[in-house]
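Understanding the architecture of this molecule
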Amino acid sequence: MVTETTKSGFYEMLEARGVSRRSFMKLCGSLAVAAGLSELAAPRVAQAIENSVIGVESGALYPVIWIEGASCTGCTESFAQADAPDPATVVLDMISLNYCETLSAAAGWSMEEAKAQTIEAGNYILVYEGAVLEGWNGEALRVADHPGTHHLAEAAANANAVLAVGSCAVNGGWVAAHPNPSNALGVQQYLKKQGIDTPVINIPGCPVNPEWIEAVLVDAILVGNLPELNGENKPAVMFNQTVHDNCERRGHFENGEFVYAFGTEEEAKNYCLYPMGCRGPQTKSNCGIVRWNHRRSWCVESGGPCIGCCTANPNNPGENWVETNTPFRARFRDLRIGGLTVQPEAIAWTVTGVLAAALIIHGFGMKKTGRTKGGADFEKIREWDAKHPEESIGKYDDDVLKGGN
Ligand code: SF4
Ligand code: SF4
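Everything numeric in this text was worked out from a predicted model, so none of it was measured.

Some points on the overall build of the protein
- When you go through the protein residue by residue, the secondary structure sums to 20 helices and eleven strands.
- Out of the 405 residues belonging to the protein, those deemed buried represent 44%.
- Long-range contacts, defined as pairs at least 24 residues apart, comprise 70% of the intrachain contacts of the protein with a sequence gap of at least 6.

What follows is the structure, given as structure tokens:
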């Protein structure tokens, strides 16, 4: 039962933290959208948060353990940059962050003790950031006198759910890129090998968007659901559409208006960044909707091509997003969709026909072009450009166009 005292206490608490009702409702709207609801559901989300009054009076905070695997801590940093509610509000009032190497004030054995007690009591969520290191029997990441793999398995086995946060946690990310000396892998794959069947929610990104974490926490903790997941155990509403689907430059893509070099008129006109290496067409994520830095902007809007950081596939460790997408500023080869091979400029001519349907229905099969197998070199020049140097849409030195390097 939520009393008026509780409600006003809740808003007083927000105000004391410099969060106005207006900005709180704005946050609830964005969390609703991130959780796959309409922005009109903001009052429901607000009510759910208020109803819990997040344990302030009942003392029933939802326990969370945040374990740092092999990572740069960028996802913690990203989460800590969420400014509404500020991370302190999330950490202190919505959850009880009983263990976090980076954000907890305590350290050492008292922290380990707090973690052990939380695990024993059960009914908590485990957030795991970074890759799992199996190398040298897990000794590649040794913490508190145990291998890192021990900490993950122990905390995951008794958790209600595991949030694998960031692309390193999803399938190894940077840490697992060739030659992968520490035998890094993703959380889901590791837990499967250990026979631990706790549900895993994969939230990719490099770093993860803090609103994705907050939306899943709101779903899981306050509304009482785990979000609907797609075949890669990623929240479907966040990761079922491509970046390209929601990109403000999409009209330029379809008109064949591209940026071929930075510092040009085309760049100033915000034309499509596909020739500059944009991976938006094959990257599934709602970045263009959720955006970053309190919804101020996002990668493509700020002028940088999408580098495909959300393409980590937990079902296929070979689809390592770093290996698949580097070099980031280089264009993929011709697009292949089933039996069709197309080039960027052809899109403008044919996009209204069969090809458009193929593009939309199947998405782009660009990363299936085989360029990553065996670490093949990125092509120096597109075959079509080499044959038609006078009409080349790429920018190459003359000697490259003539067949040199
Ligand atoms: S290729 Fe990239 S920049 Fe162009 S429309 Fe798609 S996502 Fe936007
Ligand atoms: S737009 Fe692309 S590079 Fe940027 S965060 Fe989204 S998936 Fe990652």
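Examining the environment of P210
- Following the sequence through the fold, P210 ends up in helix α11 (residues 210-223).
- In this structure, the C-alpha to C-alpha distance between P210 and V290, residues 80 residues apart in sequence, is 9.9 Å.

Some remarks on the site of ligand 2
- Every residue near ligand 2 is listed here: G205, V243, T283, S285, C287, W298, C299, C306, I307, G308, C309 and C310.
- For the shell around ligand 2, a count of residues per class yields eight nonpolar, four polar and no charged.

A look at helix α7 (residues 148-157)
- Of all the residues in α7, the buried ones are G148, T149, H151, L152, A155 and A156. What you see down the axis of α7 is that its buried residues fit within an arc of 160 degrees, all on one side.

Overview of helix α6 (residues 109-121)
- Compared with the 18 Å implied by 1.5 Å per residue over 13 residues, the 18 Å span of α6 between its first and last C-alpha is a close match.
- At its buried positions, α6 is contacted by β1 (62-68), β2 (95-100) and α7.

Here we look at the site of ligand 1
- Neighbouring residues of ligand 1: 14 residues in total, closest H244, C247, C272, C278 and G280.
- The residue inventory of the shell around ligand 1, partitioned by class, reads ten nonpolar, two polar and two charged.

A look at the pairing of strand β9 (residues 200-203)
- Going residue by residue along β9, you find V200 and N202 tucked away on one face and I201 and I203 tucked away on the opposite face as well.
- In terms of strand pairing, strand β7 (residues 161-165) meets β9 through four bridges, oriented parallel. Each bridged residue has a counterpart across the sheet, and for L163 the counterpart in β9 is I201.

Comments concerning the sheet that holds β1
- Pairing in this open sheet of five strands is parallel, and the strands run β2-β1-β3-β7-β9 from one edge to the other. Only two strands of the sheet have a single neighbouring strand rather than two, namely β2 and β9. For this sheet, the mean angle separating the axes of adjacent strands, direction not counted, is 20 degrees.
- The sheet contacts of α6 involve β1 and β2, and relative to β2 the element is tilted by about 125 degrees.
- The sheet contacts of α7 involve β1, β3 (125-129) and β7, and relative to β1 the element is tilted by about 160 degrees.

Remarks on the pairing of β3
- Counting buried positions over the five residues of β3 gives five, a clear majority of the element.
- Where burial is concerned, the two faces of β3 agree: the one with I125, V127 and E129 and the one with L126 and Y128 are both buried.
- Here β1 pairs with β3 via five bridges, running parallel. Counterpart to I65 in the pairing with β3 is L126.

Looking at the nonpolar core
- If you look at the biggest cluster of nonpolar residues, it comprises 85 residues, and the most contacted ones within it are L126, Y128, A131, L163, A164, V165 and V187.
- For this core, the leading source of residues is α11, giving seven residues.
- If you count residues domain by domain, this core takes at least three from each of domain 1 (4-238) and domain 2 (245-401).
- Once residues lying within four places of it in the same chain are set aside, the contact partners of L126 are I65, I67, A155, A156, A159 and V162.

Here we look at the environment of S110
- Topologically, S110 is positioned in helix α6.
- The exposure class assigned to S110 is exposed, which follows from the 10 C-beta atoms found within 10 Å.
- Through-space distance from the C-alpha of S110 to that of Y99 is 10.0 Å; in sequence the pair is eleven residues apart.

Digging into unusual backbone geometry
- A cis amide bond, omega 10 degrees, links H178 with the succeeding residue P179.
- Backbone geometry at N123 places phi at a positive 55 degrees, although glycine is not the residue there.
- Note on placement: N123 falls in the loop between α6 and β3.
- Look at N123 and you get exposed, because 10 C-beta atoms sit within 10 Å.

Notes on the confidence of the model for the protein
- When pLDDT is averaged along the protein, the result is 77, and 67% of the positions lie at 70 or above.
- Within the model, the stretch residues 53-57 combines pLDDT values under 50 with 13 contacts to residues more than four positions away or in other chains.

Here is what the cut-offs are and how they apply
Residues numbered from 1 in each chain as written. Chains lettered and ligands numbered in written order. Predicted model: local features only at pLDDT ≥ 70, side-chain atom pairs only at ≥ 80, totals over all residues. Helix = DSSP H or I, 4+ residues; strand = E, 2+ residues; numbered from the N terminus. Buried ≥ 20, exposed ≤ 12 C-beta atoms within 10 Å, placed from the backbone. Contact = placed C-beta atoms within 7 Å. Near = placed C-beta within 6 Å. Nonpolar A, V, L, I, M, F, W, Y, C, P; charged D, E, K, R; others polar. Arc of directions from axis to C-beta. Expected span 1.5 Å × (residues − 1). Pairing = 2+ DSSP bridges. Axes fitted to C-alpha atoms, helices over the stretch in contact; angles between N-to-C directions. Core = buried A, V, L, I, M, F, W, Y, C linked by C-beta atoms within 7 Å. Domains from an automatic or database assignment. pLDDT = per-residue confidence, 0-100.

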